[in-house]
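Chain by chain, the residues:
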Amino acid sequence: MNIDFKGRVAIVTGAGGGLGKQHALALAARGAKVVVNDLGGDVHGVGGSVSAAQAVVDEIRAAGGEAIVNGASVTDFAAVQAMVQQTMDTWGRVDILVNNAGILRDKSFAKMDLADFRLVVDVHLMGAVHCSKAVWPIMQAQNYGRIVMTTSSSGLYGNFGQANYGAAKMALAGLMQTLSIEGEKNNIRVNCLAPTAATRMTEGLMPEAVLKALEPQAVVPAMLVMASEDAPNRTIICAGAGSFEVAHITLTQGVHLGLTPDTPERLAAALAQVTDRQGETVPLSGAAQGTLEVGKAMTAHGQ
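Residues numbered from 1 in each chain as written. Predicted model: local features only at pLDDT ≥ 70, side-chain atom pairs only at ≥ 80, totals over all residues. Heavy atoms only, no water.

**Q** Pulling in residues and values, what's your account of the overall build of the protein chain?
**A** Per the secondary structure count, the protein chain includes eleven helices and eight strands. Counting only C-alpha atoms, the protein chain reaches 70 × 45 × 35 Å along its principal axes. Within the protein chain, buried positions represent 44% of all 303 residues. Sequence separation of 24 or more characterises 70% of the internal contacts of the protein chain that already satisfy a separation of 6 or more. Looking at the protein chain, you have 22 positive and 26 negative side-chain charges, and the mean spots of the two groups are 3 Å apart. (Helix = DSSP H or I, 4+ residues; strand = E, 2+ residues; numbered from the N terminus. Buried < 20%, exposed > 50% of the residue type's maximum accessible area, 1.4 Å probe, protein only. Contact = heavy atoms within 4.5 Å. Lys, Arg positive; Asp, Glu negative; His and termini not counted. Charge placed at Lys NZ, Arg CZ, Asp CG, Glu CD.)

This is the structure:
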């Protein structure tokens, strides 16, 4: 299977450097027309310039590809809508959206300013919401779309000093779960990428040898698969240093205890059984929890 994007149009946010730049270059190298979006702020979200994004556009064009630059902040829905309109005016369609824009404001929760918490959520979560919302009707109308959300192990599993970042990244997984269900009838496939990559965000945090292994290019194949014609749907692909895994949000079989005055005590005593992962499932939707619970209740009551 040869993955190519000839005739496809992609928007990549946060594409002025790091992982986003590699996403944009890889999509263009395989034939996609690419909107290189980047506000141009630093890793903390301060400042703004399209020079970095323009350099990526220039690199794509020098290699024979097609690209345009856009400096919209993903936190500004009107600006995002204008970016999508710019894309439609230029190429007439939007097939792929890679939600990659992000910032860091790391501190322990005790020391974290709420403004820093809110801004990180605004950029990562609401930025992806704004971009996805702006392209959604276009993808519905053309019965084709591929959306990649950038989640993180910091959200899936937690990481000290990243309560804001982790909350936003886990929220993106939740957004993906629902959009993948709602978009299925229009062939809009929505997935998450959880990268481990050396970027501006990880400089100084890891030894040089580790940073070399974690080059951003090693994550890109996962994005290309999720942006392709034969993309999966509702999948969280983890990628780093040339390795690829999938993360699942699962539901254990649990136990039925009913409701009696001592249910809290019996639940405490049965926690090992409740948390036992044997026979756990990956639910197809949120309704699975209620179906499982009601089913066990009916069985317990002989119904």
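**Q** Please give an account of the sheet that holds strand β3 (residues 67–70) that cites residues and values.
**A** Spatially, β3-β2-β1-β4-β5-β6-β7-β8 is the arrangement adopted by the eight strands of the open sheet, whose pairing is mixed. Of all strands in the sheet, those with a lone pairing partner are β3 and β8 (243–247), marking the two edges. For this sheet, the mean inter-axis angle between neighbouring strands, taken without regard to orientation, is 20°. Pairing between strand β7 (residues 236–240) and β8: five bridges, direction antiparallel. The residue of β8 that forms the bridge with Ala-239 is Phe-244. Helix α1 (residues 18–29) contacts β1 (9–12), β2 (33–37), β4 (96–99) and β6 (188–196) of the sheet and is inclined by roughly 170° relative to β1. Where helix α2 (residues 51–62) meets the sheet, it contacts β2 and β3, and its direction lies at approximately 175° from that of β3. (Pairing = 2+ DSSP bridges. Axes fitted to C-alpha atoms, helices over the stretch in contact; angles between N-to-C directions.)

**Q** Explain the packing of helix α3 (residues 77–91) against helix α4 (residues 114–142) residue by residue, including any values.
**A** Across the interface, α3 lies against α4 with an axial gap of 9 Å and an inter-helix angle of 40°. In terms of axis orientation, α3 runs oblique to α4. Here α3 runs over α4; the crossing is right-handed. For the pair formed by α3 and α4, the contact residues are Phe-77, Val-80, Gln-81, Met-83, Val-84 and Met-88 on the first element and His-130, Cys-131, Lys-133, Ala-134, Val-135 and Ile-138 on the second. When its residues are assigned to classes, the contact of α3 with α4 shows nine nonpolar, two polar and one charged. (Parallel < 35°, antiparallel > 145°, perpendicular 65-115°, else oblique. Left-handed = near helix turned anticlockwise from the far one by under 90°. Nonpolar A, V, L, I, M, F, W, Y, C, P; charged D, E, K, R; others polar.)

**Q** So, the pairing of β2: which residues are in play, and what are the values?
**A** Extensive coverage of β2 is indicated by the burial of five of its five residues. Side chains of β2 alternate between two faces, with Lys-33, Val-35 and Asn-37 and Val-34 and Val-36 buried alike. Taken together, β1, α1 and β2 constitute a β-α-β crossover, and its handedness is right-handed. Strand direction decides the pairing type here: β2 and β3, joined by four bridges, are parallel. Residue Val-36 lies in a different strand from β3, and its bridge partner there is Val-69. (Right-handed = clockwise from strand over helix to strand, strands pointing away.)

**Q** Could you give an account of unusual backbone geometry, with specific residues and numbers?
**A** The residue Asn-143 is not glycine, and still its phi comes out positive at about 55°. In this structure Asn-143 comes out as partly exposed when scored by relative accessible area, which is 42%. The phi dihedral of Arg-234 is positive, around 60°, even though this residue is not glycine. Topologically, Arg-234 is positioned in the loop between α8 (220–227) and β7. Among the residues examined, Arg-234 registers a relative accessible area of 25% and is labelled partly exposed.

These figures capture arrangement, not role.
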